[in-house]
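Given next are the chains, with one letter for each unit.
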Amino acid sequence: MNLLEEAVIIEVFGVKVYAFGFCVMLGAICSMITLGLLAKNFRVKPGTAPLTALLAMVCGIVCSRLTFCLLNQELGRMTPVSFWPQVAGGGWSMFGLIGGIFLGGWVSARITKEKTARILDILSVALLPTVIAERIAENRIEDFDISRALDSEWLTKSFLAVGEDEPCLATYYLAAAAALVLFVILLIRILKSQTDGDTVIAFLLLFGAGAVVLESLRYDRFLSISFVGLQQIAAAIMLAIGVVIAFKRGRKRKPRLAIAALISLPLMVGIVLGLEFALDRTTWNKLLLYAIMILTVAAPAAMGLRLLDKETEGK
């Protein structure tokens, strides 16, 4: 599909612009402002903030596109290499974007000799305005980031429903709201944190856990294998990485909790796979299934956050 031909155009002060791109641009500007303010607050070396912003933006865009092209399945094959540079005719990966942004931050820290953990902490907060804006902008893309057809009457009549003939849930609004809440939580956390790296670990735990559920809700079948979305798998991996790092940080202070957090990971994978099968192949109550899924992913995330607490416990 040609994204430029199908893109919605709006006027801003008399100038015609693409609605999706304009909204994402505003989010990126807010991200850069946040990055600059946090860099100033933590007294990073002069020039680090603009270099980090530049590298994060370049690496984020490149990795987002490459991830989509590598994972996009078409007739059982990945997207042909000749199609990769045609950015107006394909798609992007949110997790590729986040991974690219962190890669840019790592490179920036290496160049400037700043603490990598501190730069990644700052980026984990600063990238969220872009995520929020991108999710909101998805309402300008037809049949994108929506749920299965709703079978709940009260949801069908809510502002979250889209489509007249077969109403679906606009999951992009839920994703934007979740990113906004996460932004507030991490902003408070980074301003109070005394240990470099805790904020980015919290990002991995909370963003990963939330995305497992949100990616399950979407049913547009972009980047998926059978009934499991590839970005949902990426979210679970992100959550698992956060738990493993939290385990390493807190295993001596809280050995029992650390072991429980690790054990919860394979249990989470098994339960979520079972729930995905039930959502796709049965008529069981979906609200109940999603309530179970939320509790399932919340457990390892909560234990991971608890492991980051600094008080000493032999639990």
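Residues numbered from 1 in each chain as written. Predicted model: local features only at pLDDT ≥ 70, side-chain atom pairs only at ≥ 80, totals over all residues. Heavy atoms only, no water.

Asker: Describe the overall build of the protein, and please don't skip the residues or the numbers.
Answerer: Secondary structure assignment for the protein yields 12 helices and 9 strands. Looking at the protein as a whole, 45% of its 315 residues are labelled buried. Contacts in the protein between residues far apart in sequence, at least 24 positions, make up 73% of those at least 6 positions apart. Split by element, the accessible area of the protein, about 16500 Å² in all, is 68% carbon and sulfur. (Helix = DSSP H or I, 4+ residues; strand = E, 2+ residues; numbered from the N terminus. Buried < 20%, exposed > 50% of the residue type's maximum accessible area, 1.4 Å probe, protein only. Contact = heavy atoms within 4.5 Å. Areas by Shrake-Rupley, 256 points an atom, 1.4 Å probe, with all protein chains shown as cover.)

Asker: I'd like a rundown of the packing of helix α2 (residues 19-41) against helix α6 (residues 128-137), residues and numbers included.
Answerer: Between α2 and α6, whose axes approach to 7 Å, the crossing angle comes to 165°. One way to sum up the angle between α2 and α6 is to call them roughly antiparallel. Like other packed secondary-structure pairs, α2 and α6 cross with a definite hand, here right-handed. Where α2 approaches α6, its residues Phe-20, Cys-23, Val-24, Gly-27, Ala-28, Cys-30, Ser-31 and Thr-34 are matched on the opposing element by Pro-129, Thr-130, Ala-133, Glu-134, Ile-136 and Ala-137. (Axes fitted to C-alpha atoms, helices over the stretch in contact; angles between N-to-C directions. Parallel < 35°, antiparallel > 145°, perpendicular 65-115°, else oblique. Left-handed = near helix turned anticlockwise from the far one by under 90°.)

Asker: Please set out the packing of aromatic side chains residue by residue, giving values where relevant.
Answerer: Two measures describe an aromatic ring pair: the distance that separates the ring centres and the angle between the ring planes. One pass over the full model with this rule turns up 4 aromatic pairs. Between Phe-102 and Phe-203, the ring centres sit 5.6 Å apart and the planes meet at 90°, which makes this aromatic pair edge-to-face. Taken together, the residues span a long stretch of sequence, with Phe-102 in helix α4 (residues 94-112) and Phe-203 in helix α9 (residues 198-217) at a distance of 101 residues. According to the relative accessible area criterion, Phe-102 is buried, its value standing at 14%. A residue is classified by how much of its surface remains accessible, and Phe-203, at 0% relative accessible area, is buried. Through a chain of ring-to-ring contacts, the aromatic side chains of Phe-95, Phe-102, Phe-203 and Phe-207 assemble into a single cluster. (Phe/Tyr/Trp six-rings, centres within 6.5 Å; stacked < 30°, edge-to-face > 60°.)

Asker: Could you give an account of a nonpolar patch on the surface, with specific residues and numbers?
Answerer: A cluster of nonpolar side chains, Met-32, Leu-54, Met-57, Val-58, Ile-61, Val-62, Leu-66, Leu-70, Leu-71 and Trp-92, forms an exposed patch at the surface whose accessible area comes to about 840 Å². At 8 residues, the largest contribution of residues to the nonpolar patch is made by helix α3 (residues 48-71). Structurally, Leu-54 is set in helix α3. (Patch = residues over 30% accessible without salt bridge, like charges linked within 9 Å, V, L, I, M, F, W, Y side chains within 5 Å. Salt bridge = Lys/Arg side-chain N within 4 Å of Asp/Glu carboxyl O.)

Asker: Please give an account of the nonpolar core that cites residues and values.
Answerer: Counting residues in hydrophobic clusters, the biggest one holds 67 residues, and the most contacted among them are Ile-98, Phe-102, Leu-127, Leu-128, Phe-203 and Phe-207. Here Phe-102 is in contact with Leu-120, Leu-123, Ser-124, Leu-127, Val-200 and Phe-203, once residues within four sequence places are set aside. (Core = buried A, V, L, I, M, F, W, Y, C linked by side-chain atoms within 4.5 Å.)

Asker: Would you mind going over the pattern of salt bridges in detail, with residue names and values included?
Answerer: Taken as a whole, this structure holds 7 salt bridges when the rule is applied. Between Asp-196 and Arg-118 there is a salt bridge, with the nearest N and O atoms lying 3.3 Å from each other. Taken together, the positions of Asp-196 in the loop between α8 (171-192) and α9 and Arg-118 in helix α5 (residues 116-126) put the pair 78 residues apart, joining distant regions of the chain. A relative accessible area of 22% places Asp-196 in the partly exposed class. By relative accessible area, which is 21% here, Arg-118 ends up partly exposed. Notably, a salt bridge pairs Arg-135 with Glu-138, separated by 3.0 Å at the nearest N-O pair. Accessibility assignment for this pair places Arg-135 and Glu-138 in one class, buried. When salt bridges with common partners are traced through the structure, they connect Glu-134, Arg-135, Glu-138 and Glu-215 into a single cluster.

Asker: Residues and numbers for unusual backbone geometry, please.
Answerer: The backbone of Arg-43 sits at a positive phi, close to 55°, despite the residue not being glycine. Here Arg-43 lies in the loop between α2 and α3. Exposure remark for Arg-43: the relative accessible area of 73% places this residue in the exposed category. Despite not being glycine, Lys-113 has its phi angle at roughly 65°, a positive value. Tracing the chain through its elements places Lys-113 in the loop between α4 and α5.

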